[in-house]
Structures are given as C-alpha cells and as structure tokens.
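# Topology and contacts: notes
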Amino acid sequence: SQTIHQWPATLVQPVGSPLSLECTVEGTSNPNLYWYRQAAGRGLQLLFYSVGIGQISSEVPQNLSASRPQDRQFILSSKKLLLSDSGFYLCAGTGVAGAGSGTDTQYFGPGTRLTVL
Amino acid sequence: AQKVTQAQTEISVVEKEDVTLDCVYETRDTTYYLFWYKQPPSGELVFLIRRNSFDEQNEISGRYSWNFQKSTSSFNFTITASQVVDSAVYFCALSESGGSNYKLTFGKGTLLTVNP
C-alpha cells in the first residue's frame, strides 16, 4: 500500500509571508494527488488536484497555488499568506488497489497545521 | 451535482453501546462509489471502506458494519460495542465514475464521542 508524507507537521507564519508545503507519495506510480483544507468546523475543502506531472486543476479561486514537479511530489504554495489561510492542510493520493479498496481510493497524509498570525 | 449529507453533527455514547452514523447521498450517476473515513484527534483521515453502487451487500469488519441501501440512497455505518478509541470524526464520501480525477464529495462529518 502507499504512504503519504507531509511536512512540516505544524507551521506558524506571519501574514504576508510565503508558504511552501510538501507532499510526497511512496508505494505507487502515477497517482492522482489532492490538496484539501480543513478549517475549524471540520468540513473538507478540495483545493487542487493533479492527474499527472505538471497538470494542476484548481477547485477554488484563492491565494494559493499548487505544483507537481515530479510524479510523486505535490507542493502547495503561496506568495503572501492571509489570515484566512489558517487551517489544517491534507494531502491525499490514489494508488494501488488493495483489499476493499480500488485504484480510486484516496489515502491521506498526516496533515500540516498552519497558523497565520 | 452530487451531495452527501451527514445529518448527525455530534453523537455521544457510553462505552459498549452500539451506535449508527447516518449518510445520505445524491447523485445522477448509476455507477458511483461510496466511502467512509475516520479522522481521530491526530488529524489524519483513515480509509475504512469503499463500496460500489452495484454491490448492495452489507459489509462487516469486526465491530464495524455498513448498510448500503440504494432505494433510500443511504450508506450507514454501525459500530457495535463502541470503545473509547472509536472517538473521532467520521466522514462519508461519494465518488462518481467516469473520468480520471476520482474527486470525492464529502459530508460534513459526524463527531463521535465514546465516554468510558
């Protein structure tokens, strides 16, 4: 099965500073990759997804951007953070079908908790 | 457009009680997939189950069971003899077939608290 890595685990940044969150995937090739944000209150919001290297689809217009420089690497960035960018950021990837799961099943990383002050 | 509704925002039970988490979905597709994820306090979403729209058999895995009923567009999740470690937010999600993006539509989640 695949493993999703994210770093950093927590981050405190001032308003107006840049951001770079990284996600890498092990154990699969050519996965779909996703960035979600979870604000206080629990709902999961899909921000970006990618079906291949260099292919990024944005779900919500915002202050963030994403890039996929390698097959198993997905980066979330911002040039200038806003207070509203605070939240819990989760990376997910599809991969190998296993018992009870299909190649479309999304597996999630441990997340990055971002606080913008 | 597809939609997933988890009407129960929070549920609190005492250990060893059985508890059912409701999930109702809307989709125009005839082929789709339903999922349940668990989010413990640590934050990572843990995959629990995937069910395709052509398989209405109920699924049991240890203390967990799932009841899929297409007639009522529901995919409910039951925990038998709940334990404190079951305390988490549980998300139901829907994925439509076709295309390659495999995007999920999530419900808003149900916070389950199991008290000792």
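Notes on the structure follow. None of the values given here were measured: they were computed from a predicted structure.

A separate point is the nonpolar core. Most often, soluble globular proteins have nonpolar side chains that are buried together. Formed by 23 residues in total, the largest nonpolar core has its most connected members in Trp36, Phe77, Tyr90 and Leu112 of chain B. Elements with a contribution of two residues or more to this core: strand E2 (10–14), strand E3 (19–21), strand E5 (32–39), strand E8 (64–69), strand E9 (74–79), strand E10 (88–96) and strand E12 (110–115) of chain B. Sort the elements by how many residues they give to this core and E10 of chain B lands first, with four residues. Counting residues in each nonpolar core, the second largest holds 20 residues, with Leu44 and Tyr49 of chain A together with Ala93 and Phe106 of chain B among its members.

This next bit is on the interface of chain B and chain A. Each partner contributes residues to the interface: chain B has 23 residues there, and chain A has 24 residues. Regarding the contact of chain B and chain A, the summed buried area is about 1900 Å², with carbon and sulfur atoms giving 54% of it. Of all residues in chain B, Phe47, Tyr102 and Lys103 of chain B bury the most surface against chain A, accounting for 27% of the area lost on that side. At the boundary of chain B and chain A, one finds two salt bridges. Linking Arg50 of chain B and Asp104 of chain A is a salt bridge whose minimum nitrogen-to-oxygen distance equals 2.8 Å. Remark: the boundary between chain B and chain A carries eight residue pairs in polar contact (both at pLDDT 80 or more).

Side-chain pairs of opposite charge can arise whenever the charged atoms involved come near each other. Residue and element names in this part refer to chain B. This structure, assessed with the given rule, holds seven salt bridges over all chains. Its salt-bridge partner being Asp86, residue Arg63 comes within 2.8 Å of it at the nearest N-O pair. Linking Arg63 in the loop between strand E7 (59–61) and E8 with Asp86 in the loop between E9 and E10, this pair joins segments that are 23 residues apart in sequence. Taking relative accessible area as the criterion, Arg63 reaches 25% and is therefore assigned partly exposed. On the basis of relative accessible area, Asp86 is assigned to the buried category, the value being 1%.

Throughout this description, disulfide means a covalent bond between two cysteine sulfur atoms. Residue and element names in this part refer to chain A. Enumeration according to the criterion identifies two disulfides over all chains in this entry. Here Cys23 pairs with Cys91 through a disulfide, and the sulfurs are 1.9 Å apart. Across the S-S bond linking Cys23 and Cys91, the dihedral sits near -70 degrees, which makes this disulfide left-handed. In this pair, Cys23 is assigned in strand E3 (residues 19–26) and Cys91 in strand E9 (residues 87–93), connecting sequence segments 68 residues apart.

So, how was this worked out
Residues numbered from 1 in each chain as written. Chains lettered and ligands numbered in written order. Predicted model: local features only at pLDDT ≥ 70, side-chain atom pairs only at ≥ 80, totals over all residues. Heavy atoms only, no water. Core = buried A, V, L, I, M, F, W, Y, C linked by side-chain atoms within 4.5 Å. Buried < 20%, exposed > 50% of the residue type's maximum accessible area, 1.4 Å probe, protein only. Helix = DSSP H or I, 4+ residues; strand = E, 2+ residues; numbered from the N terminus. Contact = heavy atoms within 4.5 Å. Buried area = accessible area lost by both parts, 1.4 Å probe. Salt bridge = Lys/Arg side-chain N within 4 Å of Asp/Glu carboxyl O. Polar contact = N/O pair within 3.5 Å; in protein donor to acceptor, adjacent residues only side chain to side chain. Disulfide = S-S within 2.5 Å.

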